[in-house]
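So the chains spell out like this:
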Amino acid sequence: MRFLGPTRHARLNEAGAVAFLIAGLFLFFSLVSYYPLDPSWNTSTSGAKPVNLTGLVGASISDVLLQGFGLGAYVLPLLVLMLAWRWLRGSAIEAPWARLAGGLAWVGSTCTALGLFKDWHPIAGAIPAGGLIGLVTADY
């Protein structure tokens, strides 16, 4: 099997596409329904049920992604959904390492561009738009 690319078997490609689709939608809904007081790795609550649509796992994932990448985290589900579309169509991914590097560069440049706005904290009024990565790379 090629790296990130579909196989010659149509049913296996469809199964892979469904798995990537579910992962992309899970990431998207966990980010969209982020609530800063949900229990996560840096927020403790006494047995409260998470408000996040994807539960405790989604609350933790969205907290880590939004604090790390800021609004640039919304690029990640888009990349996973684009990968699901490629698997569903069964078309080969040309130069997978270059595309992976391009996706990482897209996320990094989005975080850096949003990190230039240091005083803008759109996520719960506390998390900067570029996240930690955006702040660090924008300062560099």
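Please read all numbers here as calculations on a predicted model, not as lab measurements.

Asks: A description of the overall build of the protein should follow, citing residues and the corresponding values.
Replies: The secondary structure content of the protein amounts to five helices and zero strands. Going from N to C terminus, the protein has its helices and strands arranged as α-α-α-α-α. Expressed along its principal axes, the backbone C-alpha trace of the protein runs to roughly 50 × 40 × 15 Å. Per-residue burial over the protein gives 37% buried out of 140 residues. Partitioning the contacts of the protein with sequence separation of at least 6, the portion at a separation of at least 24 is 62%. Element-wise, carbon and sulfur atoms account for 70% of the exposed surface of the protein, whose accessible area totals about 8,400 Å².

Asks: Could you give an account of the packing of helix α4 (residues 96-115) against helix α5 (residues 131-139), with specific residues and numbers?
Replies: Axis angle and axis distance: for two packed helices, these are the angle between their axes and the distance between the axes, and together they describe the pair. The N-to-C vectors of α4 and α5 enclose an angle of 75 degrees; their axes lie 7 Å apart at closest approach. One way to sum up the angle between α4 and α5 is to call them roughly perpendicular. Together, Cys-111, Thr-112 and Gly-115 of α4 and Ile-133, Gly-134, Leu-135, Thr-137 and Ala-138 of α5 make up the contact between the two elements. Taken together, the residues that form the contact of α4 with α5 break down as four nonpolar, four polar and no charged.

Asks: Help me get a handle on the nonpolar core, residues and values and all.
Replies: Counting nine residues, the largest nonpolar core is built from Leu-27, Leu-31, Tyr-34, Leu-65, Leu-66, Ala-73, Val-80, Ile-123 and Ile-127. Contributing elements (two or more residues each) for this core: α1 (10-32) and α2 (55-69). Excluding anything up to four places from it in sequence, Leu-27 contacts Ile-61, Leu-65, Pro-77 and Val-80.

Asks: Can you break down helix α3 (residues 75-89) residue by residue, with the values?
Replies: Look at α3: 21 Å from first C-alpha to last across 15 residues, which is about the 21 Å you get at 1.5 Å a residue. Of all the residues in α3, the buried ones are Val-75, Pro-77, Val-80, Leu-83, Ala-84 and Trp-87. In the core, the buried residues of α3 are packed alongside α1 and α4. Positive backbone phi, approximately 75 degrees, marks Gly-90, located one or two places after α3.

Asks: Residue-level account of the side chain of Asp-63, with values.
Replies: Secondary-structure assignment places Asp-63 in helix α2. One polar contact links Asp-63 to Tyr-34, side chain to side chain, over a distance of 3.3 Å. There is a polar contact of 2.8 Å between the side chain of Asp-63 and the side chain of Gln-67. With residues near it in sequence (within four places) discarded, Asp-63 still touches Tyr-34, Ser-40, Trp-41 and Asn-42.

Scoring rules and cut-offs
- Residues numbered from 1 in each chain as written.
- Predicted model: local features only at pLDDT ≥ 70, side-chain atom pairs only at ≥ 80, totals over all residues.
- Heavy atoms only, no water.
- Helix = DSSP H or I, 4+ residues; strand = E, 2+ residues; numbered from the N terminus.
- Buried < 20%, exposed > 50% of the residue type's maximum accessible area, 1.4 Å probe, protein only.
- Contact = heavy atoms within 4.5 Å.
- Areas by Shrake-Rupley, 256 points an atom, 1.4 Å probe, with all protein chains shown as cover.
- Axes fitted to C-alpha atoms, helices over the stretch in contact; angles between N-to-C directions.
- Parallel < 35°, antiparallel > 145°, perpendicular 65-115°, else oblique.
- Nonpolar A, V, L, I, M, F, W, Y, C, P; charged D, E, K, R; others polar.
- Core = buried A, V, L, I, M, F, W, Y, C linked by side-chain atoms within 4.5 Å.
- Expected span 1.5 Å × (residues − 1).
- Polar contact = N/O pair within 3.5 Å; in protein donor to acceptor, adjacent residues only side chain to side chain.

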